[in-house]
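Each chain is listed here by its residues.
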Amino acid sequence: MERTSSIRRKAVARQNEGEVMIAGEQLRLRLHDGKLIKDRRYHLRTYPNCFVAEELIDWLVSHKEAPDRATAVCLMQHLMDHDILHHVCDKRPMLQDAKLLYRFRKDDGTFPFNREVKIFMRGQRLYEHLIGDKKSILQLREEHAVAYQRSFAGCQLIDWLLQNGEAESRCRGLELCRALQEHGIIQHVAKKHDFFDSGLLYQFCINFRRRRRLSELLKVQGDDEDVAVSTQEDGNAESPFVLHKSLPQDGNSAFQSVRLSKDLKQVTSGRRGSLNSTQLHSSGCPPLVQLSLASVSFNPKSVLRRNFTCEELFAPGAPLIKRVLTVIGDAMGWGFVVRGMAPCYVQAVDPGSPSAAAGVKVRQFVCQVNGQCVLHLDYRTVNRLVMTGPRTVVLEVLEPLQ
């Protein structure tokens, strides 16, 4: 048990390092596209592919990647601490909001390609290959009567590695898969087993295509029980309403919700995943899809000010209003998190998802799902109802009056 916990802690730590690398690479691509990275001349010497720290801080604040200059400096210092960028002459270990030149290590070939980085990059390549495969082994599967999206059996992944020349033998394939698990790239769906060449189900922990917000880099990571490296809580069934948590910008909820005036609105949404390098620099924060396999941090604390009973919800004079919301999920899901044992409530909403556009908001109590009363059901059962139901979900909710 202690060994498993130790491995999990190391995997989470390495996974967090991977998230920093992804965020840094996405930022580098955006800065190249915005022409902030270019050859610059200083004291009769030309420094290729560099940027001015002061200009970068201006850019981060203007693009709302940081609320103020001090936070922007902290974000860039975090990247410096992880060897993502450095001063062009390596004379300044601290990033300063001044007219000083810095550069991404990937642009000058000084990025440290150690074993951890190589395994991470190989995991990313395998992920992209599997996601793009028309007959991908990443499918909806069940283990112990619980359905898991984009999961695969351990033996299937090893078969795939052999068929695609990624491993010389099953033994080599098993070694690679265990290395991927140790580095927080894949995991058992219920976080209960190491990797085995068997029928046990596993998932990728990281959605390499998700657009990261730089504010996520400063997020304080909890212990391995608080950091969900899949879309689960306490080893329970994967929720069909999972999204990625980002830092609050206004000091309130760490998730955003969208307000709509209409009680009933049908919404269709385009594909919300699959960002390539040319799309990563687009303005705003692309939606973060549920049922994804990215590293996510759950906030286990309830958004409710206090617990409610079903009787209280329907008591005369209760400050609640009933709404009927129709959410048409896209290829990746619906985009909200439910919690609670009975009644269930909306814990968080992805701001770019079909559910947000349909009017789903935090603190709404879920009364019915597709005409079935769910007031006395826990969130696990509600999850399964939605996951096994049609793509179009009709929710009847009780919303607190403002």
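Residues numbered from 1 in each chain as written. Predicted model: local features only at pLDDT ≥ 70, side-chain atom pairs only at ≥ 80, totals over all residues. Heavy atoms only, no water.

Engineer: Sorry, what's going on with the overall build of the protein here?
Structural biologist: Helix and strand content of the protein: ten helices and 14 strands. A burial count over the protein gives 51% of its 402 residues as buried. In the protein, the proportion of contacts linking residues at least 24 apart, taken out of those at least 6 apart, comes to 68%. Of the roughly 18900 Å² of accessible surface on the protein, 51% is carried by carbon and sulfur atoms. (Helix = DSSP H or I, 4+ residues; strand = E, 2+ residues; numbered from the N terminus. Buried < 20%, exposed > 50% of the residue type's maximum accessible area, 1.4 Å probe, protein only. Contact = heavy atoms within 4.5 Å. Areas by Shrake-Rupley, 256 points an atom, 1.4 Å probe, with all protein chains shown as cover.)

Engineer: Just to check I follow, could you spell out helix 5 (residues 115-132) for this structure?
Structural biologist: Residues spaced three or four apart along an α-helix point in a common direction, a consequence of the helix completing one turn every 3.6 residues. In a regular helix each residue adds 1.5 Å, so 18 residues correspond to 26 Å; helix 5 covers 26 Å between its end C-alpha atoms and thus fits that length. Of the positions making up helix 5, those classed as buried are Val117, Ile119, Phe120, Gly123, Leu126, Tyr127, Leu130 and Ile131. Backbone nitrogen of glutamate 116 and a side-chain oxygen of the N-cap are separated by 3.3 Å at the start of helix 5; the cap is asparagine 114. (Expected span 1.5 Å × (residues − 1). Polar contact = N/O pair within 3.5 Å; in protein donor to acceptor, adjacent residues only side chain to side chain.)

Engineer: What is the right way to read the pattern of salt bridges from this model?
Structural biologist: Opposite charge on two side chains permits them to pair, given that their charged atoms come into close proximity. What the rule picks out here adds up to 23 salt bridges. Residue lysine 322 pairs with glutamate 396 through a salt bridge whose shortest N-O separation is 3.4 Å. Residue lysine 322 is found in strand 9 (residues 320-328), and its partner glutamate 396 is found in strand 14 (residues 392-400); the two are separated by 74 residues along the sequence. A salt bridge links aspartate 378 to arginine 380, with the shortest nitrogen-to-oxygen separation between them at 3.6 Å. Within the structure, one salt-bridge network assembled from shared partners comprises Glu25, Arg28, Lys106 and Asp107. (Salt bridge = Lys/Arg side-chain N within 4 Å of Asp/Glu carboxyl O.)

Engineer: What is the right way to read the packing of helix 5 against helix 6 (residues 154-163) from this model?
Structural biologist: For any two helices packed against each other, one specifies the crossing angle of their axes together with the interaxial distance. Contact geometry for helix 5 and helix 6: axes closest at 13 Å, N-to-C directions at 95°. Relative to helix 6, the element helix 5 lies roughly perpendicular. Facing helix 5, whose interface residues are Leu126, His129 and Leu130, helix 6 presents Leu157, Trp160 and Leu161. Residue composition of the contact of helix 5 with helix 6, grouped by class: five nonpolar, one polar and no charged. (Axes fitted to C-alpha atoms, helices over the stretch in contact; angles between N-to-C directions. Parallel < 35°, antiparallel > 145°, perpendicular 65-115°, else oblique. Nonpolar A, V, L, I, M, F, W, Y, C, P; charged D, E, K, R; others polar.)

Engineer: Explain the packing of aromatic side chains to me, please; I cannot follow it from the model alone.
Structural biologist: Think of a pair of aromatic rings as described by two things: how far the centres are apart, and how the planes are tilted against each other in angle. Across all of its chains, the model carries eight aromatic pairs by this definition. Look at phenylalanine 51 and tyrosine 102: their rings are 6.4 Å apart centre to centre, the planes differ by 25°, and that puts the pair in the stacked class. Note that phenylalanine 51 is positioned in strand 2 (residues 45-52) and tyrosine 102 in strand 4 (residues 101-104), a separation of 51 residues in sequence. Accessibility classification places phenylalanine 51 together with tyrosine 102 in one group, the buried group. An aromatic cluster is defined as three or more aromatic residues linked by ring pairs; in this entry it consists of Phe120, Tyr127, Phe152, Phe204 and Phe208. The positively charged end of arginine 339 is found above the aromatic ring belonging to tyrosine 379, 5.6 Å away from the centroid. (Phe/Tyr/Trp six-rings, centres within 6.5 Å; stacked < 30°, edge-to-face > 60°. Lys NZ or Arg CZ within 6 Å of the ring centre and 35° of its normal.)

Engineer: Even after reading the chapter, I still don't get the sheet that holds strand 5 (residues 139-143), so can you show me in this structure?
Structural biologist: One key point about sheets: their strands pair by backbone hydrogen bonds, in either a parallel or an antiparallel sense. Ordered by their spatial adjacency, four strands build an open sheet running 5-6-8-7, and the pairing between neighbours is antiparallel. The outermost strands of the open sheet, each flanked by one partner alone, are strand 5 and strand 7 (186-188). Each strand of the sheet is rotated relative to its neighbour by a mean of 60°, with strand direction disregarded. Direction of pairing for strand 6 (residues 146-153) relative to strand 8 (residues 201-204): antiparallel, over a ladder of two bridges. The residue of strand 8 that forms the bridge with alanine 153 is leucine 201. Relative to strand 6, helix 6 is tilted by about 30°, and along the sheet it contacts strand 5, strand 6, strand 7 and strand 8. (Pairing = 2+ DSSP bridges.)

Engineer: Just checking my understanding: could you explain the environment of arginine 211 for this structure?
Structural biologist: Position of arginine 211 relative to the elements: it lies in the loop between strand 8 and helix 8 (310-313). Taking the relative accessible area as the measure of exposure, arginine 211 reaches 3% and is therefore buried. Within the structure, the side chain of arginine 211 is placed 2.6 Å from the side chain of glutamate 65, a separation counted as a polar contact.

Engineer: Hey, could you run me through the packing of helix 2 (residues 53-62) against helix 3 (residues 69-81) in this one?
Structural biologist: Look at helix 2 against helix 3: their axes get within 9 Å of each other, and the N-to-C directions meet at 115°. Considering their axes alone, helix 2 and helix 3 lie roughly perpendicular with respect to each other. Here helix 2 and helix 3 pass one another in a crossing that is right-handed. Contact residues: Glu54, Leu56, Ile57, Asp58, Leu60 and Val61 in helix 2; Arg69, Ala72, Val73 and Met76 in helix 3. Looking at side-chain class alone, the contact of helix 2 with helix 3 contains seven nonpolar, no polar and three charged residues. (Left-handed = near helix turned anticlockwise from the far one by under 90°.)

Engineer: Is there a simple way to think about the nonpolar core in this case?
Structural biologist: Taken as a class, soluble globular proteins show a tendency for nonpolar side chains to be buried jointly. Grouped together as the largest cluster of nonpolar side chains are 57 residues, with contacts concentrated most on Leu27, Leu60, Met76, Leu95, Phe152, Leu157 and Ile186. Every element with two or more residues in this core is listed here: helix 1 (2-33), helix 2, helix 3, strand 4, helix 5, helix 6, helix 7 (170-182) and strand 8. Broken down by element, the residue count for this core peaks at seven residues, all from helix 5. With residues up to four places along the chain from it excluded, the contact list for leucine 157 reads Leu130, Ile137, Phe152, Cys177, Ile186 and Phe195. (Core = buried A, V, L, I, M, F, W, Y, C linked by side-chain atoms within 4.5 Å.)

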